[in-house]
Amino acid sequence: MTVPDNAVLYGYFRSTAAYRVRIALGLKGLSADARYVHLRKGEQNQPPYRKINPAGLVPYWIEGDLHLAQSLAIIEYLDETHPEPPLLPKGAAARAIAREMALVVCSDIHPIGNLRVLNRLIEMGIDDAARSAWSQHWIAAGFDAIEARLAQLGAGPFAFGTQPTLADICIVPQVFNARRFGLDLTPYPRIRTIEEAAHKVEAFAAAEPGRQPDAE
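Rules and cut-offs
Residues numbered from 1 in each chain as written. Predicted model: local features only at pLDDT ≥ 70, side-chain atom pairs only at ≥ 80, totals over all residues. Heavy atoms only, no water. Helix = DSSP H or I, 4+ residues; strand = E, 2+ residues; numbered from the N terminus. Buried < 20%, exposed > 50% of the residue type's maximum accessible area, 1.4 Å probe, protein only. Contact = heavy atoms within 4.5 Å. Areas by Shrake-Rupley, 256 points an atom, 1.4 Å probe, with all protein chains shown as cover. Lys, Arg positive; Asp, Glu negative; His and termini not counted. Charge placed at Lys NZ, Arg CZ, Asp CG, Glu CD. Salt bridge = Lys/Arg side-chain N within 4 Å of Asp/Glu carboxyl O.

> In this structure, what is going on with the overall build of the protein chain? I would like to understand it.
Counting its secondary structure elements, the protein chain contains nine helices and four strands. Element order for the protein chain, N to C, with α for helix and β for strand: β-α-β-α-β-β-α-α-α-α-α-α-α. Judged by the C-alpha coordinates and their principal axes, the protein chain covers about 50 × 45 × 30 Å. Split into buried and exposed, the 216 residues of the protein chain put 48% on the buried side. When contacts within the protein chain are restricted to residue pairs at least 6 apart in sequence, those whose partners lie at least 24 apart make up 71%. Taken as a whole, the protein chain presents about 10500 Å² of accessible surface, with 55% of it coming from carbon and sulfur. Treating the 22 positive side-chain charges of the protein chain as one cloud and the 24 negative ones as another, the clouds have centres 2 Å apart.

If you want it as structure tokens, here you go:
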């Protein structure tokens with residue numbers, strides 16, 4: 001695997017946003033110097049990391065003079081600078097639908113259930129069971145929309161046939177989170193098919209949280 005201009009990727013093994021970028025790098029045959037920010041220990045809020053990324057989030061990409069936050073921005077940058085294999089399907093409509101599903105994950109599901117929101121719920125006195133129910137509710141709401149869209153697209157195994165795209169890159173890490181919070185995935189056969197297919201692709205398998213050097 002090649003490293004583009006000594007690129008650095010800051011992440012955390014269990015961050016689904018960083019997980020997405022790891023998958024994209026793997027599909028492109030790229031790698032980066034991995035550096036780890038322990039979110040549970042609050043390293044993202046400490047001055048050394050805030051100096052690097054004022055938002056205090058992961059992933060964060062540095063490549064030469066380019067400093068880039070937000071997983072979708074990083075993934076689309078990688079797709080434009082390393083176009084093979086493409087991470088978006090052919091045709092403007094299909095590309096828009098792929099982005100739609102990605103945004104359901106990244107804009108509708110993930111922000112409501114990420115660590116800083118769950119920590120705020122703890123501060124408000126919300127117990128473990130209620131926090132899990134919160135996460136299950138919002139993941140299910142997003143998965144309902146994604147599953148309905150996938151049903152319109154055909155058998156798969158991925159969202160747009162036999163090759164993974166941006167949609168699958170976002171769906172698979174969110175399935176990991178859904179399982180963490182105990183969501184019943186029975187109502188989502190197409191999503192489960194994507195997850196099963198992804199397990200057979202090394203780029204997805206190598207990006208799994210449990211296989212990261214900082215995994216606990």
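> Teacher, can you tell me more about the pattern of salt bridges here?
If charged atoms from side chains of opposite charge come close, those side chains can pair. Counting across every chain of the model gives eight salt bridges. Between Glu 195 and Arg 179 there is a salt bridge, and its shortest N-O distance comes to 2.7 Å. Residue Glu 195 is located in helix α8 (residues 189–199), and its partner Arg 179 is located in helix α7 (residues 166–180); the two are separated by 16 residues in the primary sequence. Accessibility expressed as a relative area gives 10% for Glu 195, which makes it buried. Among the ionic pairs, Glu 202 bridges to Arg 211, the shortest N-O distance being 3.4 Å. Assessed through its relative accessible area of 47%, Arg 211 is described here as partly exposed.

> Would you take a moment to explain the environment of Ile 74 for this structure?
With respect to the helices, strands and loops of the structure, Ile 74 is situated in helix α3 (residues 71–81). On a C-alpha basis, the gap between Ile 74 and Ile 97 in space is 19 Å, while along the polypeptide they are 23 residues apart. Setting aside anything within four residues of it in sequence, one finds Ile 74 in contact with Val 21, Pro 59, Tyr 60, Trp 61, Leu 68 and Ala 69.

By themselves, these are just geometric observations and shouldn't be taken as functional.
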